[in-house]
Amino acid sequence: MSNINERGSSIRQRPAEYVQNFEVLQNKCIQKNILFKDPEFDIPDLSSLTNCRNKRIEWRRPKEIVDDPQFFVDGASRFDVKQGSIGDCWLLAAIANLTLNKKLFNRVVPYDQGFYIKYAGIFHFRFWQYGRWVEVVVDDRLPTYEGKLIFLQSAKNNEFWSALLEKAYAKLHGSYEALHGGFSMTAMGDFTGGVSEIYDLNDAPSNLFTTMQNSIQRQALMCCSITKLKSDGSEKGLKAPHAYSITKLTCFLMKNTNGNSSTIYLIRLRNPWGHTEWNGSWCDKSNEWLCMTQKIKQSLGLVIDDDGEFWMSFEDVVKYFSILEICNLAPDDVIGQNETGSKTKWDLSLFEGEWVRGATAGGCDVFQESFSCNPQYYITLNKPDDNDNEKMCTVIISLMKKKMHRNRKKESNSLLIRFFLFDLNKSKSVPKPLDMNFFNNNDVLYKFHSSMYNIREVCKRLKVPPGKYCIVPCTSNQNEQGEFLLRVFSEIKNNLKEFDNEVGTCPINDKIKELALNTNKSEESNKKLKKYFLKVAGSDKEVDWMELKDILDFAMKQEPGNIRFSNDVCRCLITMMDWDRSGKLGFKEFQRLWLYIRQWKVVFKVYDKKNKGYIKGYELRPALSSIGYHIKTRTLNTMCHRYANRKGYIMFDDFIMCAIRLKTTIDIFKERDPGNENVASFTLEEWVEKTFYS
């Protein structure tokens, strides 16, 4: 079951007219009797790739490479994946694994295409990108040298699905160069939408093989890689740095020479080169297989051939490999049953969010004053897993940074992310959201980050008692801006939601009220202000926004800092109080307006302790709460995008504008929600009119 609890983080989708539609483009090419040339990925420059320098690279369509090109030859298999002259073994290991799950494969590589029926030189593929499936269209021009493919190719020279899939993935990331070096978990996630875990095999948990078995039972994809070879690794046929697919697991009892039985744990791996295999224990021709019956060998799929696939003992995998990557599938992609006959699906909840500089990018727990400003999520686990003897709940928490550009040096690439889990079951006082005082007085239950690798996704599998918890996703440093996707997988249903206030009104802080009333309360100053208002207003005793600006400039002359209101602020002040839509204010309306302004000015001074003319974005939420408004984290992010500067500071004029817009929009909504049901109805005309004049 999937619980999609959050919309996107206010990101507008690409307009439909700018999206490449496969069927539309294919039909246009057929009608014009031409072959498609992709204007968005037109013969990429390969000169930066070491293996392509000083070579005459030619871009050819499959029909120009072989006489009888096929999209598939006898279907798709892991043996259709052979690495070429680019270091994308991480990607190819994931592609090989993808072929093991036909449902997943058919979603990524649609069957409705080929080189004969409706052929137009155009192909399409689908990839998961941060919560959504996107279609990528490519033409079928492929890089060749001396008439042969230089990158990914099939073992069958007339089969091209794998080479075209690699091209589509290169387009997704901007270039073929972007595919050089990476983590298989990234590609496995893009192929499945699953949640990926990474294990450092130098510090492997004692139950790792059991975890792998449970993951395989849920049809997870797995890869492992070597970052640095052990002393005898090269002699035994292993390569580094290099990624391998894990294509099967098994364990069985085996009698030794003493007649005693011991459990053997084996893992089948595949080298994406399509050759060069492990030659140690349990390799294709090792003596260990001699005591096995032919029937068992066949059931395990043992093939004596230099096809890149081989068996290793679990102990040797842990010894010689560096990391293990497991991609757990999304609930709707898991098919089958577990040993007890029950379904093996996960329950999934997800949220999209962002860290905004100066507002919600609070950094890790080292930054005590701002850590509580990070987004917070509340998770409830009502009962333990079925058949769990310890009465615990299995939870996988995944935090993924969005829009990570592989092909350019972007701020999001270097962003180090982490998350904290807090137990709310033992705390006597649980404010909403959790504040600095809570974090200072409560220890974190778990915190997780990847210190060794700068990866797109950090993920942790936990076992916790049923109860209530708070997840705090954050960046390592304060004021690091970025978007994220938070996902929680559990064996039993979980309830994940924002741990936050609802947008609405609240009582104005008594201290603020008192300070505002005491400001300019002298009868003489009030008389002067009224006299000046009536002078500027003229015979109709009302003022428009230009006259209001004149009056406010006069009133603020007596204030320190020489504060002046901008034209836009004065226009918005008029619309905030102008209930009859005349575009003007009378003196009584001005008096109420002047009280609001004094309250807002007092609040601003409370937080601008050093009189620098700005407050920090972190202070905007408590400042607005002081004048009677609750806002959510997402609303705070929107405000800071609109009104904060690059440093996350909000100037006085922008603070006033922010307060005006908040009050006006809430007033417009409440006018149509007299029963306080949190629902209002507008026609398009009414919505345009009311929002335009606000």
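This structure is a prediction, so every number in the text was calculated from the model and none was measured.

For the rest of this paragraph, the subject is the pattern of salt bridges. What the rule picks out here adds up to 30 salt bridges. One salt bridge in this structure joins Glu352 and Arg132, with 3.1 Å as the shortest N-O distance. You can see Glu352 sitting in strand β13 (residues 347–355) and its partner Arg132 sitting in strand β4 (residues 132–139), a full 220 residues away along the chain. A relative accessible area of 6% means that Glu352 is categorised as buried. Given the relative accessible area of 32%, Arg132 is considered partly exposed. Where Asp540 meets Lys584, a salt bridge forms, and the shortest distance between an N and an O atom there is 3.0 Å.

In this chain, Ala240 is followed by Pro241 through a cis amide linkage whose omega measures -10°. Note on placement: Pro241 falls in the loop between β8 (221–226) and β9 (242–255). A cis amide bond links Lys432 with the next residue in sequence, Pro433, at an omega value of -5°. Non-glycine residue Asp74 carries a positive phi angle of around 60°. The exposure class of Asp74 is exposed, given its relative accessible area of 78%. Residue Thr276 is not a glycine yet carries a positive backbone phi of 65°. Position of Thr276 relative to the elements: it lies in the loop between β10 (261–270) and α8 (294–300).

This part covers the side chain of Asn328. Following the sequence through the fold, Asn328 ends up in strand β12 (residues 323–328). In this structure Asn328 comes out as buried when scored by relative accessible area, which is 1%.

In terms of nonpolar packing, the biggest core is built from 85 residues, with Phe125, Tyr176, Phe191 and Ile471 touching the most fellow members. Not counting the four nearest positions on each side in its chain, Tyr176 is found in contact with Phe41, Pro44, Leu46, Leu49, Trp59, Ile86, Leu142, Pro143, Phe151, Glu166, Lys167 and Ala170. One finds Val543, Cys570, Phe604 and Ala623 within the second-largest nonpolar core, a separate group that totals 57 residues.

A few words on helix α14 (residues 545–556). For α14, with 12 residues, the first-to-last C-alpha span of 16 Å sits near the 16 Å given by 1.5 Å per residue. Within the span of α14, buried status applies to Leu548, Ile551, Leu552, Asp553, Ala555 and Met556. Its buried side turned inward, α14 meets α13 (523–537), α15 (567–577) and α16 (587–607). A side-chain oxygen of the first residue of α14 lies 3.2 Å from the backbone nitrogen of Met546; this N-cap is Asp544.

Enumeration over the complete set of coordinates arrives at 48 aromatic pairs. On the numbers, 6.2 Å between centres and 35° between planes, the contact of Phe41 with Tyr176 is tilted. Highlighted residues: Phe41 in the loop between α1 (22–32) and β2 (58–60) and Tyr176 in the loop between α5 (161–172) and α6 (184–192), separated in sequence by 135 residues. Each of the two residues, Phe41 as well as Tyr176, counts as buried. Taken together, the ring pairs connect Phe71, Phe72, Phe105, Tyr111, Phe115, Tyr119, Phe123, Phe125, Phe160 and Trp161 into an aromatic cluster. Here the guanidinium or amino end of Lys55 rests over the ring plane of Tyr145, the centre of that ring lying 5.2 Å away. For Arg571, the ring lying beneath its charged end belongs to Trp545, and the centroid distance is 4.2 Å.

Side chains of Leu684, Trp687, Val688 and Phe692 sit close together on the surface and give an oily, nonpolar patch of about 520 Å² of accessible area. Here Phe692 is to be found in helix α20 (residues 684–692).

Here the focus is the environment of Gln26. When you line up the elements, Gln26 lands in helix α1. Sequence-wise, Gln26 and Gly121 are 95 residues apart; in three dimensions their C-alpha atoms are separated by 8.2 Å. Those residues within four positions of Gln26 in sequence are excluded, and the remaining contacts are Lys118, Ala120 and Ile122. One polar contact links the side chain of Gln26 to the main-chain carbonyl oxygen of Lys118, over a distance of 3.0 Å.

Reading guide: rules and limits
Residues numbered from 1 in each chain as written. Predicted model: local features only at pLDDT ≥ 70, side-chain atom pairs only at ≥ 80, totals over all residues. Heavy atoms only, no water. Salt bridge = Lys/Arg side-chain N within 4 Å of Asp/Glu carboxyl O. Helix = DSSP H or I, 4+ residues; strand = E, 2+ residues; numbered from the N terminus. Buried < 20%, exposed > 50% of the residue type's maximum accessible area, 1.4 Å probe, protein only. Core = buried A, V, L, I, M, F, W, Y, C linked by side-chain atoms within 4.5 Å. Contact = heavy atoms within 4.5 Å. Expected span 1.5 Å × (residues − 1). Polar contact = N/O pair within 3.5 Å; in protein donor to acceptor, adjacent residues only side chain to side chain. Phe/Tyr/Trp six-rings, centres within 6.5 Å; stacked < 30°, edge-to-face > 60°. Lys NZ or Arg CZ within 6 Å of the ring centre and 35° of its normal. Patch = residues over 30% accessible without salt bridge, like charges linked within 9 Å, V, L, I, M, F, W, Y side chains within 5 Å. Areas by Shrake-Rupley, 256 points an atom, 1.4 Å probe, with all protein chains shown as cover.

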